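# Remarks on the overall topology
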Amino acid sequence: MLTPQQQEAANKALENFDFRDDLHKITADTLVISGKYDGLNPPDDGKEVARLIPHADFVVFEKSGHAPSVEEPKQIPMYSTSF
């Protein structure tokens, strides 16, 4: 979990980082993952990204924050075989 100060710093660093208008151009099969407890990129944001990418799938990792591949590494192979 991020402290409120860390959350604020992360949000400020990313405030102009927005590629949503270009996501429709992605042609590769895409898996968007979010950690349920991610304060930096919450699951609702991941759902939006997946919705904007054609043929994208979306998965929430139920025990993770911002680093699902580190926090729940055993879950990754289950999803990686679908692509």
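Provided above is the structure to which this section pertains.
So, a few notes on the structure that sits alongside this text. All values derive from a computational prediction rather than experimental measurement.

## With respect to the pairing of strand 2 (residues 56–61)
The pairing of strand 1 (residues 30–35) with strand 2 spans six bridges and is classified as parallel. Bridge pairing in strand 2 places Ser-34 opposite Val-60. Crossover handedness for the path strand 1 to helix 2 (residues 43–52) to strand 2: right-handed.

## Concerning the layout of surface pockets
One number sums up the size of the largest pocket: a volume of about 680 Å³. Around the largest pocket, the lining comprises 21 residues; the ones closest to its centre are Phe-17, Leu-40, Asn-41, Asp-45 and Val-49. For the lining of the largest pocket, the secondary-structure elements that each account for two or more residues are helix 1 (4–14), strand 1 and helix 2. Split by residue class, the lining of the largest pocket holds nine nonpolar, six polar and six charged. Put simply, the second largest pocket is a space of about 160 Å³. In terms of lining residues, the second largest pocket is bounded by Met-1, Leu-2, Gln-7, Tyr-37, Asp-38, Gly-39, Leu-40, Ser-64, Gly-65, His-66 and Glu-71. Its residues placed into classes, the lining of the second largest pocket shows four nonpolar, five polar and two charged.

## Looking at the pattern of salt bridges
Between side chains of opposite charge, pairing is possible as soon as their charged atoms come close. Tallied over the entire structure, the rule returns five salt bridges. For Arg-20, the salt bridge is made with Asp-18, and the minimal N-O distance between the two is 2.6 Å. Using a relative accessible area of 38% as the deciding quantity, one classes Arg-20 as partly exposed. A relative accessible area of 42% places Asp-18 in the partly exposed class. Note that Lys-36 is salt-bridged to Glu-62, the shortest N-O span being 3.5 Å. You can see Lys-36 sitting in the loop between strand 1 and helix 2 and its partner Glu-62 sitting in the loop between strand 2 and helix 3 (68–71), a full 26 residues away along the chain. Overlapping salt bridges bring together Asp-18, Arg-20 and Glu-48 as one network.

## Considerations on the side chain of Glu-72
Turning to its location among the elements, Glu-72 is positioned in the loop between helix 3 and helix 4 (76–80). In this structure Glu-72 is buried but unpaired, with Lys-63 as the nearest side chain of opposite charge at 5.7 Å. From its side chain, Glu-72 meets the backbone nitrogen of Lys-63 in a polar contact 2.9 Å long. Once residues lying within four places of it in the same chain are set aside, the contact partners of Glu-72 are Phe-61, Glu-62, Lys-63 and Ser-64.

Procedures and definitions
Residues numbered from 1 in each chain as written. Predicted model: local features only at pLDDT ≥ 70, side-chain atom pairs only at ≥ 80, totals over all residues. Heavy atoms only, no water. Pairing = 2+ DSSP bridges. Helix = DSSP H or I, 4+ residues; strand = E, 2+ residues; numbered from the N terminus. Right-handed = clockwise from strand over helix to strand, strands pointing away. 1 Å grid on protein atoms, 1.4 Å probe; cavity = no way out; pocket = protein on both sides within 12 Å on 5 of 7 lines; lining within 4 Å. Points joined across faces, edges and corners; volume = space filled by probe spheres on them. Nonpolar A, V, L, I, M, F, W, Y, C, P; charged D, E, K, R; others polar. Salt bridge = Lys/Arg side-chain N within 4 Å of Asp/Glu carboxyl O. Buried < 20%, exposed > 50% of the residue type's maximum accessible area, 1.4 Å probe, protein only. Lys, Arg positive; Asp, Glu negative; His and termini not counted. Polar contact = N/O pair within 3.5 Å; in protein donor to acceptor, adjacent residues only side chain to side chain. Contact = heavy atoms within 4.5 Å.

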